Amino acid sequence: MADEPTPWELHRTVEALRRTVEAGFNSLNSRLDRVVTNDLFQAYQASVQRQFDDHEREIAALKAERDADKSQRTNDRKLIITAVFTAFIAPLVLLLIQLWLNSKGS
């Protein structure tokens, strides 16, 4: 019987064990309070995916607008070249042809 603990020692050991378990549960509860539910996480992920999709659509629209602007600039350059040719070069060529024809005829 000398090796058996006294009731008081058993009480202290059980109380110490209870406090340790209680502290562990309190620690676990404090960590669980910071955990996000699966539904909330999925809703957040869906929101992020919608934002990515919106950004992709905006980028595609900007690229299409940029391509349209490039096409418009190309058309404008062609129009300017045509206008310069018809306004300045064509009359000059006609004048040179007329002078050449007049010099040949004399």
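Residues numbered from 1 in each chain as written. Predicted model: local features only at pLDDT ≥ 70, side-chain atom pairs only at ≥ 80, totals over all residues. Heavy atoms only, no water.

Novice: Explain the overall build of the protein to me, please; I cannot follow it from the model alone.
Specialist: A count of helical and extended segments in the protein gives 2 helices and 0 strands. Taken against the 2.2 N^0.38 rule, which gives 13 Å for 106 residues, the C-alpha radius of gyration of the protein at 45 Å runs more than 25% over that of a compact globule. In terms of overall dimensions, the protein has C-alpha extents of about 150 × 25 × 15 Å along its principal axes. Every one of the 106 residues in the protein was classed for burial, and the buried ones make up 1%. When the accessible surface of the protein is split by element, carbon and sulfur atoms take 63% of a total near 9900 Å². In the protein, the 14 positive side-chain charges and the 15 negative ones have mean positions that sit 16 Å from each other. (Helix = DSSP H or I, 4+ residues; strand = E, 2+ residues; numbered from the N terminus. Rg over C-alpha atoms; globule rule 2.2 N^0.38 Å. Buried < 20%, exposed > 50% of the residue type's maximum accessible area, 1.4 Å probe, protein only. Areas by Shrake-Rupley, 256 points an atom, 1.4 Å probe, with all protein chains shown as cover. Lys, Arg positive; Asp, Glu negative; His and termini not counted. Charge placed at Lys NZ, Arg CZ, Asp CG, Glu CD.)

Novice: Mind showing me how you'd approach the pattern of salt bridges here?
Specialist: Oppositely charged side chains can pair when the atoms bearing their charge come close. What the rule picks out here adds up to 4 salt bridges. The partner of Asp54 in a salt bridge is Arg57, and the shortest N-O contact between them spans 2.3 Å. Taken as a pair, Asp54 and Arg57 lie in helix α2 (residues 38–105) at a separation of 3 residues, close to a single helical turn. Accessibility expressed as a relative area gives 35% for Asp54, which makes it partly exposed. Across the pair Asp67 and Arg66 runs a salt bridge whose closest N-O atoms are separated by 3.9 Å. Residue Asp67 is classed as partly exposed on the basis of its relative accessible area of 43%. Given the relative accessible area of 46%, Arg66 is considered partly exposed. Connected through salt bridges with shared partners, the residues Glu15, Arg18 and Glu22 form a single ionic network. (Salt bridge = Lys/Arg side-chain N within 4 Å of Asp/Glu carboxyl O.)

Novice: Explain α2 here, please?
Specialist: Over its 68 residues, α2 runs 97 Å from end to end, which matches the ideal 100 Å to within 8%, given 1.5 Å per residue. The sharpest bend along α2 comes to roughly 40°, located at Thr86. (Expected span 1.5 Å × (residues − 1). Bend = angle between axes of the 7 residues up to and from the residue.)

Novice: Which parts of the structure should I look at to understand the environment of Gln98?
Specialist: Mapped onto the fold, Gln98 is located in helix α2. For the pair formed by Gln98 and Pro5, sequence separation is 93 residues and the distance between their alpha carbons is 132 Å.

Novice: Could you clarify how one ought to interpret the environment of Ile80 in this entry?
Specialist: Tracing the sequence through the fold places Ile80 in helix α2. Given a relative accessible area of 53%, Ile80 falls into the exposed group. Taking the C-alpha atoms as reference, Ile80 lies 79 Å from Asn26; in sequence the two are 54 residues apart.

Novice: I would appreciate a short explanation of a nonpolar patch on the surface in the present structure.
Specialist: A contiguous nonpolar patch, built from Ile80, Val84, Phe85, Phe88, Ile89, Val93, Leu94, Ile97, Trp100 and Leu101 and spanning about 1000 Å² of accessible area, is present on the exposed surface. Secondary-structure assignment places Ile97 in helix α2. (Patch = residues over 30% accessible without salt bridge, like charges linked within 9 Å, V, L, I, M, F, W, Y side chains within 5 Å.)

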